[in-house]
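Spelled out from the first residue to the last, the chains are:
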Amino acid sequence: MIGERQAAILSLIIDSYIKTGEPIGSKTLANLLPYKISSATIRNEMAYLSELGLLEQMHTSGGRIPSKSSYRYYVNNLMVEKPIEALEKEKISEFLSINASDPQRLLKDAVSLLAEETNCTAFYCTVKDELDCIQGVEIIPAGSSKAMIVMLTVGGKIRSSVCRLNCPADDEFKALFYRIMADYFIGTPLSDVNLVLIQSTAPALKDRIFDMLPVLTSLCSLCKEAYEPALFIEGETNLLSHEELSGEVYKLLSFLADKEQFKRHLAQYAKYGKEFELLIGNENYHPLLKNTSTVLAKYNYNNSQSAVLGIIGSTRIDYSSILPRVEYIMKTVKKFLQEGGAQFE
């Protein structure tokens, strides 16, 4: 631990750097402190904080800036959170409640809100669930030669598509469709819905196999889409305004653009990470994130479904304002995920 005066100096340096991005000197600090203290004494205290690894000096005669480790000390010991007003909480909850019963749309809404509120990059990623299966399928006629297929999985994923038919979607066609769904598809793992399964329906469909083929192949595509992890990122260009990332921002954007690599990274976090975590600088698990601060939350919902929601910004983010809002958004998402769950009547 550091002394009270040292803590006051460190807090002022970090608060100033977060606001301005500029180093601060002893004379400026002397004017900001609530009690009288000489510049020489402040320089001695700054030198001591530098020895502890809490401050860095860009130039020999320049002021000090916070080190990565100092942000952790600041968050844990010095930061005064800027509380969220009741009206702001109400607006956040109202916005997220719109798609509360659809997990993926809820997570997408949360990403948009996080990117806007934090000026950081926000994202969510679902984790592949080998056990997820079809809970229900609906067919909705859309004119004389089209129909919409809507599928719901046990894990709460909803997928839909419009397909072109070779015959009218009349009562006879729909009755046959629902019988095939009940006999071959309902309860089937998403990973097992493929062309082999479609071919196995031929004896039951007989001469109507070609009439049913468009909707079955459409369903096969929906299952494949629902089975694969979904990654959604918003606010990548926000990182360009984080000046302290400088040349690192392009490496970071390349990392985010490699979606398969990013998915693997988040899948590992979903498996081993904490429920809610702030990672600053070298605390991050991936080397390309070592100059960033990230906030991550992982969720388990609808039986065996998992997802990770998070933000990426520079280590100079306004922790006192951003963290309370991010935490409230993430907790609200958790609440809706636990309460939600779309179902077919």
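Everything numeric here is computed off the predicted structure, so don't read it as measured data.

Rules used in this analysis
- Residues numbered from 1 in each chain as written.
- Predicted model: local features only at pLDDT ≥ 70, side-chain atom pairs only at ≥ 80, totals over all residues.
- Heavy atoms only, no water.
- Helix = DSSP H or I, 4+ residues; strand = E, 2+ residues; numbered from the N terminus.
- Rg over C-alpha atoms; globule rule 2.2 N^0.38 Å.
- Buried < 20%, exposed > 50% of the residue type's maximum accessible area, 1.4 Å probe, protein only.
- Contact = heavy atoms within 4.5 Å.
- Polar contact = N/O pair within 3.5 Å; in protein donor to acceptor, adjacent residues only side chain to side chain.
- Pairing = 2+ DSSP bridges.
- Axes fitted to C-alpha atoms, helices over the stretch in contact; angles between N-to-C directions.
- Phe/Tyr/Trp six-rings, centres within 6.5 Å; stacked < 30°, edge-to-face > 60°.
- Parallel < 35°, antiparallel > 145°, perpendicular 65-115°, else oblique.
- Left-handed = near helix turned anticlockwise from the far one by under 90°.
- Disulfide = S-S within 2.5 Å.

Q: Sorry, what's going on with the overall build of the protein here?
A: A count of helical and extended segments in the protein gives 13 helices and 10 strands. Computed over the C-alpha atoms, the radius of gyration of the protein is 27 Å, more than 25% above the 20 Å expected from 2.2 N^0.38 for a compact globule of 345 residues. Projected onto the principal axes, the alpha-carbon positions of the protein cover approximately 95 × 40 × 30 Å. Across the 345 residues of the protein, 50% fall into the buried class. Considering only contacts within the protein whose residues lie at least 6 apart along the sequence, 63% involve residues at least 24 apart.

Q: Hey, could you run me through the side chain of Arg-159 in this one?
A: Residue placement: Arg-159 occurs in strand β6 (residues 158-164). Within the structure, the side chain of Arg-159 is placed 3.2 Å from the side chain of Gln-104, a separation counted as a polar contact. Among all residues touching Arg-159, those that are not within four sequence positions of it are Gln-104, Ile-149, Val-150, Met-151, Leu-222, Glu-225 and Ala-226.

Q: I'm lost on unusual backbone geometry in this one. Help?
A: For residues that are not glycine, phi is negative in most cases, and the peptide bond is trans in most cases. For Lys-206, which is not a glycine, the phi torsion comes out positive at approximately 55 degrees. Note on placement: Lys-206 falls in the loop between α9 (202-205) and α10 (209-227). The class for Lys-206 is exposed, based on a relative accessible area of 63%.

Q: Looking at this structure, I do not really get the pairing of strand β10 (residues 305-314). What am I missing?
A: The two faces of the sheet receive side chains in turn, since in a regular strand these alternate between them. Counting buried positions along β10 gives 10 out of 10 residues, so the element sits mostly inside the fold. Here strand β3 (residues 121-126) runs beside β10; their pairing, made up of six bridges, is antiparallel. Looking across to β10, one finds that Ala-122 is bridged to Ile-311. Examined bridge by bridge, strand β9 (residues 292-301) and β10 share 10 bridges and lie antiparallel to one another. Pairing of Ser-293 across the sheet is with Gly-313, part of β10. Connecting the antiparallel pair β9 and β10 is a turn made up of three residues, with Asn-302 showing a positive phi of about 45 degrees.

Q: Explain the sheet that holds strand β5 (residues 146-153) to me, please; I cannot follow it from the model alone.
A: Pairing between the strands of a sheet comes from backbone hydrogen bonds, and it takes one of two forms, parallel or antiparallel. Read across the open sheet, the three strands follow the order β4-β5-β6; overall the sheet is antiparallel. Whereas interior strands pair on both sides, the edge strands pair on one side only; in this sheet they are β4 (134-141) and β6. Averaged over neighbouring strand pairs, the angle between their axes works out to 20 degrees when direction is ignored. Against the sheet, helix α7 (residues 171-185) engages β4 and β5, with an angle of about 165 degrees to β4. Contacting β4, β5 and β6, α10 runs over the sheet at an angle of about 150 degrees to β6.

Q: Sorry if this is basic, but what is going on with the sheet that holds strand β8 (residues 276-280) here?
A: Spatial ordering of the open sheet is given by β7-β3-β10-β9-β8, a layout of five strands whose pairing is antiparallel. At either end of the open sheet lies a strand with only one pairing partner, and these are β7 (231-234) and β8. Each neighbouring strand pair of the sheet contributes to a mean axis angle of 15 degrees, computed without reference to strand direction. Where β8 lies against β9, five bridges are found, and the strand directions are antiparallel. Residue pairing in the sheet places Phe-276 in a bridge with Ala-297 of β9. Where helix α13 (residues 319-339) meets the sheet, it contacts β8, β9 and β10, and its direction lies at approximately 15 degrees from that of β9.

Q: Whenever I open this one, the packing of aromatic side chains confuses me. Can you help?
A: In this description, an aromatic ring pair is defined by two values, namely the gap between the centres and the angle between the planes. For the structure on display, the rule yields six aromatic pairs. Between Tyr-71 and Tyr-319, the aromatic rings sit 5.6 Å apart at their centres with planes inclined by 40 degrees, giving tilted as the arrangement. Taken together, the residues span a long stretch of sequence, with Tyr-71 in helix α4 (residues 68-78) and Tyr-319 in helix α13 at a distance of 248 residues. Across the pair, exposure class does not vary: Tyr-71 and Tyr-319 are buried alike. Here the aromatic rings of Phe-177 and Tyr-178 are separated by 5.3 Å at their centres, their planes lie at 75 degrees, and the arrangement is edge-to-face. Phe-177 sits in the buried class, given a relative accessible area of 1%.

Q: Honestly, the packing of helix α5 (residues 86-97) against α13 in this entry has me stumped. Any pointers?
A: Describing two packed helices takes the angle between their axes plus the distance from one axis to the other. Interaxial distance between α5 and α13 falls to 10 Å at its minimum, and their mutual angle equals 40 degrees. With respect to α13, the axis of α5 lies oblique. Crossing handedness for the pair α5 and α13: right-handed. Counted together, Glu-88, Lys-89, Ile-92, Ser-93, Leu-96 and Ser-97 of α5 and Arg-325, Tyr-328, Ile-329, Thr-332, Val-333 and Phe-336 of α13 form the full contact between these two elements.

Q: How should the state of the cysteines be read in this particular structure?
A: One way to say it: the disulfide is the covalent bond shared by the sulfur atoms of two cysteines. What the rule picks out here adds up to zero disulfides. There is no disulfide at Cys-120, and the cysteine sulfur nearest it, in Cys-125, is 19 Å away. Cys-120 gets classed as buried once you look at its relative accessible area, which sits at 0%. The thiol of Cys-223 is not disulfide-bonded; the next cysteine sulfur, from Cys-220, is found 6.8 Å away. For Cys-223, a relative accessible area of 0% translates into the label buried.

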